[in-house]
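Now for the letters of each chain:
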Amino acid sequence: MSELNLSTLSIPSFRITDIIDILLVALLIYVVMIWIKETRAWSLFKGIVVIFIISIFSYQLHFYTVSWIIEKTLSVGIIALIVLFQPEFRKGLEQIGKGNIVTNIFNNDEEGKILQKTVKEVVTAAYKMAKVRTGALILLEQDVPLGDLEMTGIPIDAIVSSQLLINIFENKTPLHDGAVIIRNNRVAAATCILPLTQTEIGLDLGTRHRAAVGASEESDAYIIVVSEETGGVSVAHGGKLYRGLSESEVTKMISKGVKPTHKGIKLWKGRKNNAKKNK
């Protein structure tokens, strides 16, 4: 066996331009990931990643049937991706032209799930509007981003309050027609246009309810609907419409995905109080 001769080894040259090249590619990948994550394309992207992982395992484990199906599918996969992501590609190019993507890179703070205070304000507004039969449509974003729906409306970016929501949906005001989207515990946009469901939900329900179900079929958002005709409050989630709910039932349903407000501070105060009592 020949010995390894270190003198014959050479270190590849590494230039400043190579570093810049790598950084540009990394930045491009990051921008694309941020852009995808802000739309419903993120869910489709995760599905593609799962299929890609399955194809690797099937190839390594010699699953010939699965490998053959994936191989034949890949021949039209590029065209399918273009068709699936066509709206996102168009909006992505628009954002590049407006410079919004670069802004989003440096302002990518996510607060996580909705807070209890947000739910309380939304539910209070819904039932106050129900008493006077003011129609309303409010979306509470969860894990699936609603960026593409948000772009159809007018940006608001305000703290969530029952008074603000009531004023938005007040009849004959400029923002009353359409839906309000709440993301990161702020009112992101109003007058948003939602996709209508193709499922039959009942002849007694109008466009507002069909839009709520349609949006819930394409996202995991909780969508509160206030009927202008009956004054009833419903919640659409997961492609289903839950009608005739009480205020406590709506709060309980939405609170499944709620983040506690200042839970650690309350616990600490409780411990201090207990310590004083023990003294």
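Since the structure is predicted, the reported quantities are computational estimates derived from the model, not experimental observations.

(A) View of the pattern of salt bridges. By the definition in use, this model includes 5 salt bridges. Residue Arg-186 pairs with Asp-157 through a salt bridge whose shortest N-O separation is 2.8 Å. Of this pair, Arg-186 sits in strand β4 (residues 186-192) while Asp-157 sits in strand β2 (residues 154-159), and the two are 29 residues apart along the sequence. Using a relative accessible area of 52% as the deciding quantity, one classes Asp-157 as exposed.

(B) Layout of a nonpolar patch on the surface. On the surface, Val-49, Val-50, Phe-52, Ile-53, Ile-54, Ile-56, Phe-57, Leu-61, Phe-63 and Val-66 cluster together into a nonpolar patch covering about 910 Å² of accessible area. The element best represented in the nonpolar patch is helix α2 (residues 41-60), accounting for 7 residues. Among the secondary structure elements, Val-49 is positioned in helix α2. For Val-49, a relative accessible area of 35% gives the class partly exposed.

(C) Fine view of the environment of Leu-164. Positionally, Leu-164 belongs in helix α9 (residues 162-169). By relative accessible area, Leu-164 is classed as partly exposed at 25%. Placed 23 residues apart in sequence, Leu-164 and Val-187 show a C-alpha to C-alpha distance of 9.1 Å. Those residues in contact with Leu-164 that sit more than four places away from it in its chain are Ala-158, Ile-159 and Val-187.

(D) Unusual backbone geometry, seen in detail. Residues other than glycine seldom take positive phi values, yet Arg-133 does so here, at roughly 55°. In this structure, Arg-133 sits in the loop between α7 (116-131) and β1 (136-140). Even without a glycine there, the phi angle at Lys-172 is positive, about 70°. Structurally, the position occupied by Lys-172 is in the loop between α9 and β3 (179-183). Judged by its relative accessible area of 76%, Lys-172 falls in the exposed class.

(E) View of the nonpolar core. Membership of the largest hydrophobic core comes to 29 residues, with the highest contact counts inside it found for Val-122, Leu-165, Val-180, Ile-182, Ile-224, Val-250 and Ile-254. Every element with two or more residues in this core is listed here: α7, β1, α9, β3, β4, β5 (222-226), β6 (233-237) and α11 (247-254). At 8 residues, α7 tops the list of elements feeding residues into this core. Counting 16 residues, the second largest nonpolar core, distinct from the first, contains Leu-137, Leu-194, Ala-211 and Ile-223.

(F) View of the confidence of the model for the chain. For the chain, the mean per-residue pLDDT works out to 77, and 68% of the residues sit at or above 70. The low-confidence segment residues 105-111, where pLDDT is below 50, has 11 contacts with residues more than four positions distant or belonging to other chains. Across residues 261-279, confidence stays below pLDDT 50; counting only partners more than four residues off in sequence or on other chains, it has 4 contacts.

(G) Structural context of α11. The set of residues buried in α11 consists of Val-250, Met-253 and Ile-254. Down the axis of α11, the smallest arc covering the buried residues is 90°, so these residues share one side. Opposite the buried face of α11, at more than 90 degrees from it, the exposed residues are Ser-248 and Lys-252. The elements touched by buried residues of α11 are α7, β1, β5, β6 and β7 (240-242).

Rules and cut-offs
- Counting starts from 1 at the beginning of each chain's written sequence and moves along it residue by residue.
- In keeping with the predicted nature of the model, local features appear solely for residues at pLDDT of at least 70, side-chain atom pairs appear and are counted solely at 80 or more, and the whole-chain, interface and lining totals rest on all residues.
- With hydrogens and water stripped out, all remaining heavy atoms of the structure feed into the side-chain values.
- By convention in these notes, a salt bridge is any Lys or Arg side-chain nitrogen within 4 Å of a carboxyl oxygen on Asp or Glu.
- Secondary structure elements follow DSSP: runs of H or I no shorter than four residues count as helices, runs of E no shorter than two count as strands, and numbering proceeds from the N terminus.
- Burial classes follow relative accessibility: with a 1.4 Å probe on protein chains only, a residue under 20% of its type's maximum area counts as buried, one over 50% as exposed, and anything between as partly exposed.
- A residue counts toward a patch only above 30% relative accessible area and without a salt bridge, and it is joined to like-charged neighbours within 9 Å or, for Val, Leu, Ile, Met, Phe, Trp and Tyr, to nonpolar neighbours within 5 Å.
- Computed by Shrake-Rupley with a 1.4 Å probe, the accessible areas treat only the displayed protein chains as cover when residues are assessed.
- Working rule for contacts: check all heavy atoms of both residues, and any pair within 4.5 Å makes them a contact.
- For our purposes a nonpolar core is just a set of buried Ala, Val, Leu, Ile, Met, Phe, Trp, Tyr and Cys residues, chained together by side-chain atoms within 4.5 Å.
- The predictor attaches a confidence to each residue, and that confidence, scored 0 to 100, is pLDDT.
- As used here, the arc is the angular range of directions from the helix axis to the C-beta atoms.

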